[in-house]
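Chain by chain, the residues run as shown.
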Amino acid sequence: MRISPLKSDIGKVVKTLLNKDILKTVERPSRYIGEEWNSIKKDRNKVKVLVALIFPDVYEVGISHLGLRILYHIINSLDFALAERAYSPWIDMESQMEKYDIPLFTVESKSPVSSFDLIGFSLQSELLYTNMVNCLRLSGIEPYTSDRKDTFPLVIAGGPTTANPEPIADFMDAIVIGDGEEVIVDMIKVIKEAKENELSKDYILKKWAEIQGVYIPSFYHVEYLETDRIKAVIPRYSFCPSKVKKAVVRDLNEQPFPIKQIVPYAPAVHDRAVVEVFRGCNRGCRFCQAGTFYRPVRERNKDSLVEMIKDILKSTGYEEVGLLSLNTSDYTSLSDLTKEILPYLRKKHISVSIPSSRIDSFDFNVNESIDSGRRTALTLAPEAGTQRLRNIINKGITEEEIKIALRKAYEMGWQRIKLYFMIGLPYEEEKDIDGILSLLDWASSLGFRKINVSISNFIPKAWTPFQFVRQKVEEIYGIQKRLKAFSRTNRRLHISLSSPQRSLIEGILSRGDRRLSRVIYTMVYKKNERFDDCPDLFSFSRWQEAMNENGLSFTMYTRERDVNEILPWDHISLGIDKEYIKREYNISKTGILTPDCRWNQCCDCGVCMDLNVRNVLCKIGEQHEDRH
Amino acid sequence: MRIGIRFAKTGFGVYLSHLEIMRLFARALRRADIEVKYSQGFNPRIKMIFSTPSPVGLASVAEYAEFEVLDEEDIEDVKNKINAVLPVGVRILNAGYIDKGISNLMECARISEYLLIRKVNFDADEALLATIKGKYERDEKISNGKGFFGLRTLIQDLSVEKKGDKIFLHYFSHVKGKNAIRYDDVIRYFSAEKGILTMAFRLNTFDIGKDEIKINLNEYLRRC
């Protein structure tokens, strides 16, 4: 396999950046300078494998992301490899880069991304697909894997959107499904072997295909029926599994965690030290992709968390630490953990943030003790307006619990709260919207100074029980009109809605097939579009054009799916039994709840059996009592 | 106890904004494990005062800041401890305890010394040199955003010389008040053609004593 770029390219970026005084002309130049405290600069001549990790969004978003931090530290801890980072340049920098012929470069050594052996994208949202392809364009790398021939770099991606990897299949040499910690090391070892022995790209891909969690899209052939459905997905080689199983880390306690976390200069979206308290969530909300993608629950040991938090704070100097997970109030040792770290944090003037909490497990006592007066906003997520609909989505919280939590929040002095709802859910009726409105009226009558209400549009996602339902589009407009009118009647309510058009595109990409790679390509290369997650830069009409030009329509993808048809992502396995998904879908309309297997009986989702894993809890057998 | 520091921002550090520098120092002090005074209230922050921070793009060896420590330690130890945990591009050059009675560095910083280094475009050098000198001698008007003033009012003691393929412009100017002028306004004024990189440095900052005598702020750091 050939190494594509010339050595002389390296160093040229810095020269141009400085000589043309580019960094002075762009907004927030610290995005591009690297040199952050705790960033790692290894000598590229002393390692075998060079990895560029790219977060295809602006620096402030990318630097906040935990997954990429974990991989960065794991790769750099290998003596034969290094990892550097790159982010999507903001449009002002992009135009400067194009003007002066500067390719996308890493922030550490400012080397062109194309001079690396492996490029790994972290894909957290479907709306970043155009940014991802734009990064390839800015790097001067052929976007389609079939055009890249036998040259480095290899291009891979990971992240929760790979629950359905098909829309990006044509761009990727490989897609990692599931937890990346162990897989990335195995993949890099193969590259090392190939470089040492001058083996081909084909050799690497075939070796990669043997690793659990690695999907090689080009090894699978998709046949379509005359309608818009898929006839079959056929592996090209006998050694390819008919279903690519996700990679899963059995016990987080056995995995390294970044202690020397990078401290950015620019104000990151999440500008704090972070620990991952646990991964996974078995609550089983029927709309939630993270719930199926990260199953099962794997908690970190409390004692090691205490040590980690102290060490991270010492090495970063952060003034705040975030206890991350999909729902931190479910952590079985949360009150012990906070009790143990609080004296240290108080002494050092460090605050704690618990980013996401469910209403039913939210512990006001814990929260009271951690927040030493810093009253920002309390966030609660009822998700739907009526008990009927909350049961349909398996949210599992009651009207009473919501009201008790709100009343308690007010009594404890919260002036501002934030509430999350979704509209466009399956089986939604007029009275469910009424329910949202009356709940908001009730909440504001309690006396809160301000209630921020975030109402997002439900998007059916792959590998969730609602993956079969039709994505509502027209209905959303009507509901939003009602919500807008309502918000004008109550000054204390600030209702924010999300764009139905962007939700539509996100939905198309979430449940799309391989043919969408062409559409994404068209958007980037022909229409010069990117930053779809940014309201000012998103262009719906361009998407319409790109779909039309490729002979596709939105309705092909928003439609309801038959439970028996072959879905584009059916050859990917998250360990979840498709029968469980169907069963959950079928019982959803009756409103029967499926309880969490951490504290109830097994719901037979199939993950533990299929992937040979189990829930890892810090305290076993502890029932969550009502804490209010 | 008050500690004053003089620090430099160089290399890629010149692209850091004032807010970024402030955050950077707060975190460095925590990493260095130096017990410093925090503000009162719900959201305690490290109390740190910065004097006339230089704008993004200006290299400087004369940035000043002040904070309070709870225990008296050897000043060199404090300086070394912080320098050990500062990212490249920002370095403390000088540190000293400041007496109670002395007003803070923010108020003391009045005049800064600047050096602009600009590559010369082939044969235009002599002409450019003459133009700059001529304008200055005639005391032509220049705008600092607050109005038009004579060059000599805003740019004090200007000297221009050519060394090799570069022109060195050296001057003093006020850092605040109506007579202040930004370094990039000066660059723009004297640059005939655009697109040629001018490197800009702040070399020193002074207080003004009686009879307009410039007092080096390093004095303040040595008072204790």
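Fair warning: this is a prediction, and the values are worked out from it, not measured in the lab. (Residues numbered from 1 in each chain as written. Chains lettered and ligands numbered in written order. Predicted model: local features only at pLDDT ≥ 70, side-chain atom pairs only at ≥ 80, totals over all residues.)

### Digging into the packing of helix α10 (residues 302-316) of chain A against helix α11 (residues 334-347) of chain A
All names here are of chain A.
Next up, step 1: At a minimum axis separation of 10 Å, α10 and α11 run at an interaxial angle of 25°. Relative to α11, α10 is oriented roughly parallel. The element α10 and its partner α11 pack so that their crossing is right-handed. For the pair α10 and α11, contact is made by K302, L305, V306, I309 and K310 and by D336, L337, E340, I341 and Y344, respectively. (Axes fitted to C-alpha atoms, helices over the stretch in contact; angles between N-to-C directions. Helix = DSSP H or I, 4+ residues; strand = E, 2+ residues; numbered from the N terminus. Parallel < 35°, antiparallel > 145°, perpendicular 65-115°, else oblique. Left-handed = near helix turned anticlockwise from the far one by under 90°. Contact = placed C-beta atoms within 7 Å.)

### Points about helix α17 (residues 500-510) of chain A
The α-helix winds at 3.6 residues per turn, so residues separated by three or four positions along the chain end up facing the same way.
Next up, step 1: With eight of eleven residues buried, α17(A) is to be regarded as a mostly interior element.
Next up, step 2: The complete set of buried residues in α17(A) reads A:S503, A:L504, A:I505, A:E506, A:G507, A:I508, A:L509 and A:S510. (Buried ≥ 20, exposed ≤ 12 C-beta atoms within 10 Å, placed from the backbone.)

### Regarding the domain arrangement of chain B
Residues and elements named next belong to chain B.
Next up, step 1: Taken as a whole, chain B is organised into domain 1 (2-108) and domain 2 (111-213).
Next up, step 2: Just the C-alpha atoms count here: the centres of domain 1 and domain 2 sit 28 Å apart.
Next up, step 3: On the domain 2 side, the residues contacting the ten residues of domain 1 number 13 residues.
Next up, step 4: Of all the elements, strand β3 (residues 59-68) adds the most residues to the side of domain 1 that touches domain 2, at five residues.
Next up, step 5: Across the side of domain 1 that touches domain 2, the residue classes tally to seven nonpolar, three polar and no charged. (Domains from an automatic or database assignment. Nonpolar A, V, L, I, M, F, W, Y, C, P; charged D, E, K, R; others polar.)

### Some details on the environment of A:V133
All names here are of chain A.
Next up, step 1: Position of V133 relative to the elements: it lies in helix α6 (residues 129-139).
Next up, step 2: Spatially, the C-alpha atom of V133 lies 8.7 Å from that of P56, the residues being 77 residues apart in sequence.
Next up, step 3: Residue contacts for V133: discarding those within four places in its chain leaves P143, F171, I520, Y521 and V524.

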